[in-house]
Every structure is written in structure tokens, then in C-alpha cells.
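Each chain, letter by letter, is given below.
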Amino acid sequence: MRFLPVCATFVAGPLTLLFLVAPVAAQGLPPGGARPSGPPVGAIPPSGAAAGPSAPAAAAGTSVAVIDVAYIFKNHARFNQSMNDMKRDIEAFDAHMQEESKKLQKKQEEMTSFGPSSPQFKKLDEELAKMKSDFQIAVQS
């Protein structure tokens, strides 16, 4: 099942970028990262304080970025290709398991034609037990 790690990577990457950029954008830091002196951008001065030179800074808003993650995944070629590959793998595995299930049913029907004490019955019973265990291992893995 390759789906889980791939999907987690495609979700975690853009979200990590969002969480790394959002705090910096919200603080209003310049590209160099140095903090300007004075109150933070968008800070409301305490009551009774004079609105001096920091008044224009208080009027500046906080930048917020909104990302449409569904749109990104819908239009991401590599992600869609990976999803299609996984779907094909799952469908092929399902078809193989259905074939194996039919073979098991056929063996069981074959066993009913022999008596429980016959050597053919015992041979088919052993084959059926091995096939069932192989089938269960394949399904669980």
C-alpha cells in the first residue's frame, strides 16, 4: 500500500510551506527578516496614547494567504499520475484475489466428490489448507 506515504507527502509539503510562511507574513517582517523598531505592524496603541508617527503603521493590515489545496491536488500532474498508478495496482490485486478465491471454491467443490477417508480427499484437503493460508497472507500483506 503505497498510497499512504505518497498522499502524506503531497499533503504535508504544501501545509509545511503554509505554516512556515504564515507567521512571517503575519508579523510583517521585511524580506531580510530584521524586525523594525517600534510597535508591531497592526498593533493597536494603548488607550490614551498619542497617535504619533506609528499611526500609518497601525493602519496597515496583516497579509493572509489562502491556498485552495483541493485545486492544487486536482491539477497536480504528478499527484494524479501517482493516484492513477495506485488505482491500477489495487484493481489488479483485487482481480488476482478474486481469481484465487474462485480457485479455492473450486477445490472445495472438488473435495465434496470424494469420501472423507479417501486419499484424494486428504490430498485436496492439504492443498486447500495451503491455498487458504497463502490467500490470507496475501490479503493481510
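Nothing here was measured: the structure is a model prediction, and the numbers come from that model. (Residues numbered from 1 in each chain as written. Predicted model: local features only at pLDDT ≥ 70, side-chain atom pairs only at ≥ 80, totals over all residues. Heavy atoms only, no water.)

Asks: I would appreciate a short explanation of the side chain of Lys107 in the present structure.
Replies: Position of Lys107 relative to the elements: it lies in helix H4 (residues 77-112). Ignoring sequence-local partners within four residues, the contact set of Lys107 consists of Leu124, Glu127, Leu128 and Met131. (Helix = DSSP H or I, 4+ residues; strand = E, 2+ residues; numbered from the N terminus. Contact = heavy atoms within 4.5 Å.)

Asks: When you look at H4 in this model, what are you seeing that I'm missing?
Replies: Working note: α-helix, 3.6 residues per turn, so residues spaced by three or four point in the same direction. Helix length check: H4, at 36 residues, gives a terminal C-alpha distance of 53 Å against a target of 52 Å (1.5 Å per residue), a fit within 8%. All of the buried residues along H4 are Phe79, Met83, Met86, Met97, Leu104, Lys107 and Met111. (Expected span 1.5 Å × (residues − 1). Buried < 20%, exposed > 50% of the residue type's maximum accessible area, 1.4 Å probe, protein only.)

Asks: I tried to follow the nonpolar core on my own but got confused; where do I start?
Replies: The tendency in soluble globular proteins is for nonpolar side chains to be buried as a group. Core analysis: the biggest nonpolar cluster contains 5 residues, these being Leu104, Met111, Phe121, Leu124 and Leu128. Breaking this core down by element, the ones donating at least two residues are H4 and helix H5 (119-140). Counting residues per element, this core draws most heavily on H5, at 3 residues. (Core = buried A, V, L, I, M, F, W, Y, C linked by side-chain atoms within 4.5 Å.)

Asks: Hey, could you run me through H5 in this one?
Replies: An ideal rise of 1.5 Å per residue puts 32 Å on 22 residues; H5 measures up with 32 Å between its terminal C-alpha atoms. Buried within H5 are the following residues: Phe121, Leu124 and Leu128. One face of H5 carries all of its buried residues, which in axial projection span an arc of 65°. Exposed residues lying more than 90 degrees from the buried face of H5 are Pro119, Lys123, Glu126, Lys130, Ile137 and Gln140. In this structure, the buried side of H5 is in contact with H4. (Arc of directions from axis to C-beta.)

Asks: Would you explain the pattern of salt bridges in this entry?
Replies: Should the charged atoms of two oppositely charged side chains come close, the side chains can pair. Counted under the stated rule, the structure contains 4 salt bridges. Note that Arg88 is salt-bridged to Asp85, the shortest N-O span being 2.3 Å. Linking Arg88 with Asp85, this pair stays in helix H4, spanning 3 residues, or about one helical turn. For Arg88, a relative accessible area of 48% gives the class partly exposed. Taking the shortest distance from any N to any O, the salt bridge between Asp134 and Lys130 comes out at 3.0 Å. (Salt bridge = Lys/Arg side-chain N within 4 Å of Asp/Glu carboxyl O.)

The values are spatial; any link to function lies outside them.
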